[in-house]
Amino acid sequence: MRIRATVAAVSGALALSALAVPAAQADVHASGADSGYRAAAAKILAGGKSAFITSPVAAEEPYKLNVGFSNFKVAKSINAGAGGHLVVPVTYTLTHGTEVDIKAADFDSGPYLYRGDFATPDNVIFGEKAGTCTATSTTTANCKANLDIYPGEGDLTNTDAGATWTAGGLAIAFNGQDPESDSFDPSKVGIAQQGDLGTTTVRRVSKLTVNATPEPVKKGKTITVTGKLTRANWDGPNYTGYATQPVQLQFRKNGTSTYTVVKTIKTTTKGDLKTTVKATADGFFKYVFAGTRTTVGASAAADFIDVK
């Protein structure tokens, strides 16, 4: 199962001991699509007792890799449902010294997002695979990668919603060293980490329903419009009612293209909606939720009412 990266990002000896952790203890998700890069990144970006396993050369540390990151581009808002696999594309520029072979089979780089302080983040999101880079000069490359989020498997909790997430970059040069080998020499492994490359937010997806009854209805009679507003509960994982939120009831007369606001009501403590209006003409009713800092807006699929 997946384990959530909630402890301090590490460097030096801690990062090295992290790399020495056997693959069986790496961060793995239920899809089974884990990679060597993800396993290494998970242990560099996450701490805990498992990260302190003694390395074969405990006194040695990785050297600081001559790599930098810039031009980091990611969506301004990442909207996550209660489950599934969310893939977030990222592009960035990699700058490196001439001594760094970015084409080597055991050189990897990739983006990540962290919430909280760079040295002691509250949570970290990264990708399953390393980025792919195309050299633009002897010391620069344009790279692209994905962030992989599994909300239903512990990657996110409700406290993550609406917070500022900061972008970071990670590069690893193993230089022929095998972390699981008895001859593994940590001092020959290069690691580079960089934060403050940009910001984004992660928000909870919402869902909205509507039902106008009775149907058909005589002109001038009362129409009851019910519905429900729910949002992703990453602690579930499921969708739960969103309480006391303002929602617009909108109407579009049949044969027209524009919706008008009929009224604004608030959801109950369970996210339910209910109001009444007078029947005037054939048309479509829908509820619309504008969204909040933590939750994405939603519009219900319109419900047609036949007025006789």
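Preceding this paragraph is the structure being described.
To start, this report covers the structure provided alongside it. Just so it is clear, the model here is predicted, and its values are computed rather than measured. (Residues numbered from 1 in each chain as written. Predicted model: local features only at pLDDT ≥ 70, side-chain atom pairs only at ≥ 80, totals over all residues. Heavy atoms only, no water.)

**Things to note about the pairing of strand 9 (residues 164–173)**
Next, step 1: Of all the 10 residues making up strand 9, nine are buried; the element is thus mostly covered by neighbouring parts of the structure.
Next, step 2: The sheet contact formed by strand 5 (residues 107–116) and strand 9 spans nine bridges and is antiparallel. Bridging across to strand 9, Tyr112 finds its partner in Gly168.
Next, step 3: The sheet contact formed by strand 9 and strand 10 (residues 190–194) spans five bridges and is antiparallel. Pairing of Leu170 across the sheet is with Gln193, part of strand 10. (Buried < 20%, exposed > 50% of the residue type's maximum accessible area, 1.4 Å probe, protein only. Helix = DSSP H or I, 4+ residues; strand = E, 2+ residues; numbered from the N terminus. Pairing = 2+ DSSP bridges.)

**Quick word on the state of the cysteines**
Next, step 1: Applying the stated rule across the entire model yields one disulfide.
Next, step 2: Each sulfur in the disulfide pair Cys133 and Cys143 lies 2.1 Å from the other. Measuring the twist about the S-S bond at about 110°, one finds the Cys133-Cys143 disulfide to be right-handed. Of the two residues, Cys133 sits in strand 7 (residues 132–135) while Cys143 sits in strand 8 (residues 140–149), which places them 10 residues apart along the sequence.
Next, step 3: Exposure remark for Cys133: the relative accessible area of 30% places this residue in the partly exposed category. (Disulfide = S-S within 2.5 Å.)

**Quick notes on the sheet that holds strand 8**
Next, step 1: Within the open sheet, the four strands sit side by side as 2-4-8-7. Their pairing is antiparallel. Looking along the sheet, the strands with just one partner apiece sit at the ends: strand 2 (67–73) and strand 7. In this sheet, adjacent strand axes meet at a mean angle of 25° when their direction is disregarded.
Next, step 2: As paired elements, strand 4 (residues 86–96) and strand 8 share 10 bridges and run antiparallel to each other. Note that in strand 8 the partner of Thr93 across the bridge is Asn142. (Axes fitted to C-alpha atoms, helices over the stretch in contact; angles between N-to-C directions.)

**Observations concerning unusual backbone geometry**
When glycine is set aside, most residues are seen to have a negative phi, and most peptide bonds are trans.
Next, step 1: For the peptide bond that leads from Thr213 to Pro214, omega is -5°, which places it in the cis range.
Next, step 2: Along the chain, the position of Pro214 falls in the loop between strand 12 (206–213) and strand 13 (222–233).
Next, step 3: The omega torsion across Glu215 and Pro216 is -5°, close enough to zero to call that bond cis.
Next, step 4: Mapped onto the elements of the fold, Pro216 is located in the loop between strand 12 and strand 13.
Next, step 5: Look at Asn175: it is not a glycine, yet its phi comes out positive at around 50°.
Next, step 6: Residue placement: Asn175 occurs in the loop between strand 9 and strand 10.
Next, step 7: The class for Asn175 is partly exposed, based on a relative accessible area of 41%.
Next, step 8: With a phi angle near 50°, Thr244 is a residue other than glycine that sits in the positive phi range.
Next, step 9: Mapped onto the elements of the fold, Thr244 is located in the loop between strand 14 (238–241) and strand 15 (246–253).
Next, step 10: With relative accessibility at 46%, the residue Thr244 sits in the partly exposed group.

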